[in-house]
Amino acid sequence: MMNSGWTVTVVTPAPVEPVDLATVKQQARVDITTDDNFIETIIIKTARDRAQQYLRRCLIDTVVDFTFDGFPWYRVDQAFHLPWGPVKSILSVSYRDSNDNVTTLASSLYRLESNNEPARLVPSYGNLWPNTSGGIGAVTVRALVGYPHVAGNTHPPGSPVPTPAQYRANIPPSIIHAILMDCAHLYNNREAVGEVMGGSMVTTPLGWESLLNQYRIMV
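Residues numbered from 1 in each chain as written. Predicted model: local features only at pLDDT ≥ 70, side-chain atom pairs only at ≥ 80, totals over all residues. Heavy atoms only, no water.

### Quick notes on the pattern of salt bridges
One pass over the full model with this rule turns up 11 salt bridges. As a salt-bridge pair, Arg120 and Asp77 come within 2.5 Å of each other at their nearest N and O atoms. With a gap of 43 residues between them, Arg120 in strand β8 (residues 120–123) and Asp77 in the loop between β3 (62–68) and β4 (80–81) connect regions that are remote in the sequence. Shared partners join several salt bridges into a network, and the residues in it are Asp77, Arg111, Glu113 and Arg120. (Salt bridge = Lys/Arg side-chain N within 4 Å of Asp/Glu carboxyl O. Helix = DSSP H or I, 4+ residues; strand = E, 2+ residues; numbered from the N terminus.)

### Quick look at the pairing of strand β7 (residues 110–113)
Here β7 pairs with β8 via four bridges, running antiparallel. By the bridge assignment, Leu112 is partnered in β8 with Leu121. Counting the residues that bridge the hairpin from β7 to β8 gives six residues. (Pairing = 2+ DSSP bridges.)

### A closer look at the nonpolar core
Membership of the largest hydrophobic core comes to 31 residues, with the highest contact counts inside it found for Val19, Ile175, Ile179, Cys183 and Leu212. Those elements that place two or more of their residues in this core are α1 (21–28), α2 (36–55), α4 (173–188) and α5 (209–212). For this core, the element with the highest residue contribution is α4, accounting for nine residues. Setting aside chain neighbours within four positions, we find Leu212 in contact with Ala51, Tyr54, Leu55, Ile175 and Ala178. Counting residues in hydrophobic clusters, the runner-up holds 24 residues, among them Phe66, Phe71, Leu105 and Ala119. (Core = buried A, V, L, I, M, F, W, Y, C linked by side-chain atoms within 4.5 Å. Buried < 20%, exposed > 50% of the residue type's maximum accessible area, 1.4 Å probe, protein only. Contact = heavy atoms within 4.5 Å.)

### Considerations on the side chain of Asp65
Take Asp65: it is sitting in strand β3. For Asp65, a relative accessible area of 12% translates into the label buried. In terms of polar contacts, Asp65 uses its side chain to reach the side chain of Arg142, at 2.7 Å. With sequence-adjacent residues up to four places away left out, Asp65 is seen in contact with Thr7, Val8, Thr9, Val11, Thr140, Val141 and Arg142. (Polar contact = N/O pair within 3.5 Å; in protein donor to acceptor, adjacent residues only side chain to side chain.)

### Thoughts on the layout of surface pockets
Quantified by volume, the largest pocket comes out at close to 290 Å³. Val10, Arg48, Gln52, Cys58 and Thr62 are the residues nearest the centre of the largest pocket, which is lined by 21 residues in total. Looking at the lining of the largest pocket, the elements that each hand over two or more residues are β2 (6–12), α2 and β3. With five residues, α2 is the largest single contributor of residues to the lining of the largest pocket. Considering only residue class, the lining of the largest pocket consists of 13 nonpolar, four polar and four charged. In this model, the second largest pocket occupies a volume close to 210 Å³. (1 Å grid on protein atoms, 1.4 Å probe; cavity = no way out; pocket = protein on both sides within 12 Å on 5 of 7 lines; lining within 4 Å. Points joined across faces, edges and corners; volume = space filled by probe spheres on them. Nonpolar A, V, L, I, M, F, W, Y, C, P; charged D, E, K, R; others polar.)

In structure tokens form, the structure reads like this:
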């Protein structure tokens, strides 16, 4: 996703989808199996992508790059407001230095403040952001984004790989419900418009915004 002064790029996608085939078929009242591949490869992925773009969230562990045009020296607190969430950890901060060489900052020079959303990335105590060579995309913040797998578990190195159910455990039910609604909508309405009585064509309405709005990140 691109916005004024920043972009978000997926580096490593999530290992599983937030909803599974069986639950989508239950929601859409689908009894046949001939459409299973279509639902899994098109419908679920489209609904998940639409929800994530609307929310500015990755629901399950995803590595993303936040790219900015520079460090926020203009702010008193020098804080990046990270435009995508929930941010679990910062993997690296790199920038083009005054000689236009890509340099990676030591992790001791910054800290993540993720108690509120949007999460903030700030210099650690007594430090300031370095100078850059300027230009578009001068700073890249690589982060792990997604809801915790299970209570108290953010999958530290060496821990067991979560099951699909554990990956989905802490996604808010309203978001899951909205994705299921969208999956059923996409399955049952294969076109962008539909015909109503009298032959007039109307855009197919969406009803999930009210479920998602409370979780939407605005920067």
